[in-house]
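# Summary of structural features
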Amino acid sequence: MRSPLLWTLIASVALLCGVGGWLLADPATSRSEALKTAGLAGGAVVALYALWLNDRRRRVEEARQVIEQQRHDVDRERISDERFAKSVELLGHEADQVRVGALHALAGLARTRPEYRQTVLDVLCSYLRRPFTHGRYDSPEKSGAPEEERELQVRLTAQRLIRDLLPPSDVDGPGPDLDLTGAVLEYFDLSRRRIGGLLLRHASLYSSTNLSGSVFTGQAYFTAAGTGPGRLVGVFRCRNATFLDRAWFSGTEFSERANFSHTTFAGPTTFKGATFAKEVLFDGAAFSGPVEAALPDGWKLDPQNGGYVAVPI
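These numbers were taken from a predicted model, which means no experiment stands behind them. (Residues numbered from 1 in each chain as written. Predicted model: local features only at pLDDT ≥ 70, side-chain atom pairs only at ≥ 80, totals over all residues. Heavy atoms only, no water.)

Bringing the overall build of the chain into the picture now. Secondary structure assignment for the chain yields 6 helices and 21 strands. Across the 313 residues in the chain, those meeting the buried criterion constitute 42%. The long-range fraction of contacts in the chain, counting pairs at least 24 apart against all pairs at least 6 apart in sequence, stands at 42%. (Helix = DSSP H or I, 4+ residues; strand = E, 2+ residues; numbered from the N terminus. Buried < 20%, exposed > 50% of the residue type's maximum accessible area, 1.4 Å probe, protein only. Contact = heavy atoms within 4.5 Å.)

Our next topic: the packing of helix H3 (residues 96-112) against helix H4 (residues 117-128). In contact at an axis separation of 8 Å, H3 and H4 are set at 155° when each is read in the N-to-C sense. Regarding the angle of H3 to H4, the classification is roughly antiparallel. At the point where H3 passes H4, the crossing takes the left-handed sense. Mapping the contact onto sequence places Arg99, Leu103, Leu106, Ala107 and Ala110 in H3 and Arg117, Val120, Val123, Leu124 and Tyr127 in H4. Classifying every residue of the contact of H3 with H4 by side-chain character gives 8 nonpolar, no polar and 2 charged. (Axes fitted to C-alpha atoms, helices over the stretch in contact; angles between N-to-C directions. Parallel < 35°, antiparallel > 145°, perpendicular 65-115°, else oblique. Left-handed = near helix turned anticlockwise from the far one by under 90°. Nonpolar A, V, L, I, M, F, W, Y, C, P; charged D, E, K, R; others polar.)

A few words on the packing of H4 against helix H6 (residues 146-165). The relative placement of two packed helices is expressed as an angle between their axes plus a distance between the axes. Relative to each other, H4 and H6 sit at 150°, their axes nearing to 10 Å. Of the possible angle classes, the one that applies to H4 and H6 is roughly antiparallel. When you trace H4 past H6, the crossing you get is left-handed. Facing Arg117, Val120, Leu121, Leu124, Cys125, Tyr127 and Leu128 of H4, the residues of H6 in contact are Glu151, Val154, Arg155, Ala158, Gln159, Leu161, Ile162 and Leu165. Residue composition of the contact of H4 with H6, grouped by class: 11 nonpolar, 1 polar and 3 charged.

Our focus in this paragraph is the pattern of salt bridges. Per the stated rule, a full pass over the model turns up 11 salt bridges. For arginine 113, the salt bridge goes to glutamate 115, with nearest N and O atoms at 2.4 Å. Each of Arg99, Glu151 and Arg155 takes part in one network of salt bridges that share partners. (Salt bridge = Lys/Arg side-chain N within 4 Å of Asp/Glu carboxyl O.)

A separate point is the packing of aromatic side chains. Under the counting rule described, the total for this entry stands at 21 aromatic pairs. Ring geometry for phenylalanine 84 against tyrosine 116: centres 6.0 Å apart, planes inclined by 50°, an arrangement best described as tilted. One end of the pair, phenylalanine 84, is in helix H2 (residues 31-90); the other, tyrosine 116, is in the loop between H3 and H4, and 32 residues separate them in sequence. Residue classification places phenylalanine 84 among the buried positions, given a relative accessible area of 18%. Seen in terms of ring centroids, phenylalanine 254 and phenylalanine 276 are 4.8 Å apart; in terms of plane orientation they differ by 5°. Their pairing is stacked. (Phe/Tyr/Trp six-rings, centres within 6.5 Å; stacked < 30°, edge-to-face > 60°.)

What follows concerns the pairing of strand S5 (residues 204-210). Across the 7 residues that make up S5, a large majority, 6, are buried. Two elements, strand S2 (residues 184-189) and S5, share 5 bridges in a ladder whose sense is parallel. By the bridge assignment, aspartate 189 is partnered in S5 with asparagine 210. Here S5 runs beside strand S9 (residues 236-237); their pairing, made up of 2 bridges, is parallel. Note on S9: the bridge partner recorded for threonine 209 is phenylalanine 236. (Pairing = 2+ DSSP bridges.)

Mapped onto the elements of the fold, serine 207 is located in strand S5. Here glutamate 186 takes part through its side chain, which lies 3.0 Å from a polar atom of the side chain of serine 207. (Polar contact = N/O pair within 3.5 Å; in protein donor to acceptor, adjacent residues only side chain to side chain.)

The subject of this paragraph is unusual backbone geometry. With phi around 55°, arginine 192 is a residue other than glycine that occupies positive phi space. Tracing the backbone through its elements, the reader meets arginine 192 in the loop between S2 and strand S3 (194-195). The phi torsion at histidine 202 lies on the positive side, around 55°, for a residue other than glycine.

Core analysis: the largest hydrophobic core is formed by 56 residues, its most contacted members being Phe236, Phe243, Phe249 and Phe260. Within the residue set of this core, elements represented by two or more residues are H3, H4, H6, S2 and strand S17 (280-281). Take this core: its biggest share by element is 7 residues, from H4. Beyond its immediate stretch of four places on either side in the chain, phenylalanine 236 contacts Leu205, Thr209, Leu211, Phe222, Thr227, Phe249, Phe254, Arg257, Ala258, Asn259 and Phe260. In this structure, Phe132, Leu152, Val184 and Tyr206 belong to the second largest nonpolar core, which totals 5 residues. (Core = buried A, V, L, I, M, F, W, Y, C linked by side-chain atoms within 4.5 Å.)

Turning to H3, a few remarks are in order. Structurally, the α-helix is built with 3.6 residues per turn, so residues lying three or four positions apart point the same way. Here H3 is 17 residues long and its end C-alpha atoms lie 25 Å apart, about the 24 Å a rise of 1.5 Å per residue gives. Listing the buried residues of H3 in full gives Asp96, Arg99, Ala102, Leu103, Leu106, Ala107, Gly108, Leu109 and Ala110. (Expected span 1.5 Å × (residues − 1).)

Following this line, the structure appears as structure tokens:
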């Protein structure tokens, strides 16, 4: 007999009889008092069993909820993986509308599942690293072919989604990494965003490029990148930005105006081999790390507060 209920009943009856018989044997105790006390003793055993049973049911329910949550997490993970794989597959679809939808699906996944954010950003960057050309890049007077215009709209969507997925510049902690080596970008805007490492080696930046107010927590490489006109003049804006680590502009070609006013370079910085075809501004730019800066004509570095500040000559 292993039933807890049966043993509880036996113990309750035994206690009822034992206590009742003991009290009835006492001449000083009335029969009603003896039966009342014995009933309380037997009821106490039943109450203890009820408490144990309630606690057991609670633990069983908690275990069931844990299992259900684990099952839900597994299903959610599987659905997210399938959604990710399907979206990546659709990035190769011939229709530009389908590719745009796939980009938005990936961005939505990154918003609902933060652990996917870096992976989704890597996929968006890899899409932008695909070879791309536009008739306007060779000659501003020329128009692009219809397929070039459609692909440009897809790429502009990818660029905007990258910016949307990056945290604001005023949050703490490292930012996500972006690898855009050799990418062809137009209207590239990462203003007021927090970025980890940024690779723009040999990238082509058309129309305006805006990095103003951004914080770069990792190494930023613009080696041999170049700016050029697209629909607009290829202005490079990097006002009030902060580079906490290496900032490498070696060999970068600025075909239009470049603005680094009030930007902080806290790590090793170089502009060796960089060319500035038009005006460049370094008003209030501060260099606190090792500097290998061959600044353009009209600018020099002056020591200030343990670092250097770019000032006009």
